Amino acid sequence: MTVTPAHLRALASRAEALTAEVRALCDSAPNGSPEREHLAVAGQAANWLARGAEDLQRAATDLARIQAQPCGLPWSVCPEHGNTLSSSAGVSTCRVCRRTWNYSRPGEPCKEPVTWKVIDRAGTETRMCDGHVLGARAAAQGVTFLRLEQP
Ligand SMILES: [Zn+2]
Ligand SMILES: [Zn+2]
C-alpha cells in the first residue's frame, strides 16, 4: 500500500487526542492526593505522546514534500518571492530576501513541489510551485489560479 501524508496526520491526531486524555485523567486526581503523586509517571507519558504527535506531523510534511510532483518550469525563481532573481557569475540572488543559489546549469527545471493549478485564458492548464505562481500573478491577466489540495 502507498503511505500518504494523510495516514501520518491521522495517527498524529490520535496521538494528540491520547495526550489530551492522559493529561485530563492526571488532572482529575485531587491536588495533594496520593494518586496525584503517583500519576507523575503518566504525566511524563503524556509528554512523550505529545512529542510523538509532533514527530508524526513532521513526517507527514516531509512525505508530502517528497511525494509532490516537481514544478519543472525551466527558469529559476525564489520559492518565496517569485521572479526576483538576478544572476551573475553562476550565482542567483533574490533581490528581496538576499538568499543565493548556485545553479550549475542555468535553466535547470524547478524542483519545488507543485502547489497550484494555473489556467490561462485559452484554457491551458499549467501546474506550478508557489514561487512560480508569484511571478505568473505579476505578469498574467485573465488567468485563474487554483490552490491544490494538500495530499
Ligand atoms: Zn526571496
Ligand atoms: Zn517552480
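Peer 1: Quick question: what am I supposed to make of the environment of Val3 here?
Peer 2: Structurally, the position occupied by Val3 is in the segment before α1 (5–28). Sequence separation of Val3 and Ser13 is 10 residues, and the distance between their C-alpha atoms is 16 Å. Sequence-distant contacts of Val3, defined by excluding residues within four places in its chain, comprise Leu63 and Gln67.

Peer 1: Explanation requested: the coordination of the zinc ion (ligand 1) in the structure shown.
Peer 2: Ideal values differ by geometry: the angle at a metal is 109.5 degrees with four tetrahedral donors, but 90 or 180 degrees with six octahedral donors. Listed as protein donors to the zinc ion (ligand 1) are Cys78 (SG), His81 (ND1), Cys94 (SG) and Cys97 (SG); their distances from the metal cover 2.0 to 2.3 Å. On the basis of relative accessible area, Cys97 is assigned to the partly exposed category, the value being 29%.

Peer 1: So what exactly am I meant to see when it comes to the coordination of the zinc ion (ligand 2) here?
Peer 2: Those donors, Cys71 (SG), Cys110 (SG), Cys129 (SG) and His132 (ND1), are the protein atoms that reach the zinc ion (ligand 2), and they lie 2.0 to 2.3 Å from it. Of note is the zinc ion (ligand 2), whose 4 donor atoms meet at the metal with angles of 105 to 115 degrees in an arrangement that counts as tetrahedral. Read in sequence order, the donor residues coordinating the zinc ion (ligand 2) give the pattern C-x38-C-x18-C-x2-H. Residue Cys110 is found in the loop between β3 (100–102) and β4 (116–119), and its partner His132 is found in helix α4 (residues 130–139); the two are separated by 22 residues along the sequence. For Cys110, a relative accessible area of 11% gives the class buried.

Peer 1: Before we go on, may I ask you to explain unusual backbone geometry in this structure?
Peer 2: A negative phi holds for most residues other than glycine; trans holds for most peptide bonds. Of note, Arg98 is a non-glycine position whose phi angle comes to about 65 degrees, a positive value. Here Arg98 shows up in the loop between β2 (91–94) and β3.

Peer 1: I'm lost on the pattern of salt bridges in this one. Help?
Peer 2: When the charged atoms of two side chains lie near each other, side chains of opposite charge can form a pair. According to the stated counting rule, one finds 5 salt bridges in the structure shown. Here Asp27 ties to Arg36 by a salt bridge, and the two come within 4.0 Å at their closest N and O atoms. Classification of Arg36 by relative accessible area gives partly exposed; the value is 29%.

Peer 1: Please clarify how the sheet that holds strand β1 (residues 85–88) should be interpreted in this entry.
Peer 2: Note on sheets: strands pair through backbone hydrogen bonds, and any given pair is parallel or antiparallel. Spatially, the 3 strands line up as an open sheet ordered β1-β2-β3, and their pairing is antiparallel. Looking at the sheet topology across the chains shown, the edges are occupied by β1 and β3. Across this sheet, the average inter-strand angle for adjacent strands is 25 degrees, counted without regard to direction. Alignment of β1 against β2, held across 4 bridges, turns out to be antiparallel. Residue pairing across strands places Leu85 opposite Cys94, the latter belonging to β2.

Peer 1: I tried to follow the packing of aromatic side chains on my own but got confused; where do I start?
Peer 2: To describe a pair of aromatic rings, you give the distance between the ring centres and the angle between the ring planes. Applying the stated criterion across every chain, the model contains 0 aromatic pairs. Of note, Arg137 hangs over the ring of Trp116, and the distance from its end group to the ring centre comes to 5.1 Å. Over the face of the ring belonging to Phe145 we find Arg137, whose NZ or CZ atom lies 4.7 Å from the ring centre.

Peer 1: What is the right way to read the confidence of the model for the chain from this model?
Peer 2: Atomic detail in the predicted coordinates should be set aside for any region of low pLDDT. Taken as a whole, the chain shows an average pLDDT of 88; of its residues, 95% reach a score of 70 or greater. No element of the chain has a lower mean pLDDT than β3, at 83, and none a higher one than α1, at 95.

Peer 1: Just checking my understanding: could you explain the pairing of β4 for this structure?
Peer 2: Looking along a regular strand, one sees side chains alternate from face to face of the sheet. Going residue by residue along β4, you find Trp116 and Val118 tucked away on one face and Lys117 and Ile119 left uncovered on the opposite face. Bridge count for β4 against strand β5 (residues 125–128) is 4 bridges, and the pairing is antiparallel. Residue Ile119 lies in a different strand from β5, and its bridge partner there is Glu125. For β4 and strand β6 (residues 144–147), the ladder comprises 4 bridges, and the chain directions are antiparallel. Of the residues in β6, the one forming a bridge with Lys117 is Leu146.

Conventions adopted
Residues numbered from 1 in each chain as written. Chains lettered and ligands numbered in written order. Predicted model: local features only at pLDDT ≥ 70, side-chain atom pairs only at ≥ 80, totals over all residues. Heavy atoms only, no water. Helix = DSSP H or I, 4+ residues; strand = E, 2+ residues; numbered from the N terminus. Contact = heavy atoms within 4.5 Å. Donors = N, O, S within 2.8 Å, 3.2 Å for Na, K, Ca; no water. Buried < 20%, exposed > 50% of the residue type's maximum accessible area, 1.4 Å probe, protein only. Tetrahedral: all angles 85-135°; square planar, octahedral: opposite > 155°, others 65-115°. Salt bridge = Lys/Arg side-chain N within 4 Å of Asp/Glu carboxyl O. Pairing = 2+ DSSP bridges. Axes fitted to C-alpha atoms, helices over the stretch in contact; angles between N-to-C directions. Phe/Tyr/Trp six-rings, centres within 6.5 Å; stacked < 30°, edge-to-face > 60°. Lys NZ or Arg CZ within 6 Å of the ring centre and 35° of its normal. pLDDT = per-residue confidence, 0-100.

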